[in-house]
Amino acid sequence: MKLTKMLVDMEYEANMIREHAFENGCLPEDYKPRLQRIRRLCNKILVGEFELDVEAADGGPR
């Protein structure tokens, strides 16, 4: 999975939780799976399980 897509997915999940909390004054019913998805994506990034979006000038990875 591309790094940018992972970051966008994490941002989306976090924003959905935040918006629901602001509108309703509580967390959404499905907040646990959303937080688990964010945690899994963070773990993948931390251990380097992602593809970079851009290549270096010489064609290799950055």
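Look up a bit, the structure's there.
Here the structure is a predicted model, which means the values were calculated and not measured.

Helix and strand counts for the protein come out as two helices and zero strands. By the burial criterion, 16% of the 62 residues in the protein qualify as buried. Sequence-distant contacts in the protein: of pairs separated by 6 or more residues, those separated by 24 or more amount to 62%. Total accessible area computed for the protein in this model is approximately 4,900 Å², and 56% of it derives from carbon and sulfur atoms.

Next up on the list: helix 1 (residues 3-24). An α-helix turns once per 3.6 residues; consequently, residues spaced three or four apart project the same way. Over its 22 residues, helix 1 extends 32 Å from the first C-alpha to the last, a length consistent with the 32 Å expected when each residue adds 1.5 Å. Buried within helix 1 are the following residues: Met-6, Asp-9, Met-10, Glu-13 and Ile-17. Along the axis of helix 1, the buried residues cluster in a sector spanning 100°; they form a single face. Residues of helix 1 that are exposed and point more than 90 degrees away from the buried face comprise Phe-22 and Glu-23. Those residues of helix 1 that are buried are in contact with helix 2 (31-46). One or two residues past the end of helix 1 sits Gly-25, with phi positive at roughly 75°.

The rules we used
- Residues numbered from 1 in each chain as written.
- Predicted model: local features only at pLDDT ≥ 70, side-chain atom pairs only at ≥ 80, totals over all residues.
- Heavy atoms only, no water.
- Helix = DSSP H or I, 4+ residues; strand = E, 2+ residues; numbered from the N terminus.
- Buried < 20%, exposed > 50% of the residue type's maximum accessible area, 1.4 Å probe, protein only.
- Contact = heavy atoms within 4.5 Å.
- Areas by Shrake-Rupley, 256 points an atom, 1.4 Å probe, with all protein chains shown as cover.
- Expected span 1.5 Å × (residues − 1).
- Arc of directions from axis to C-beta.

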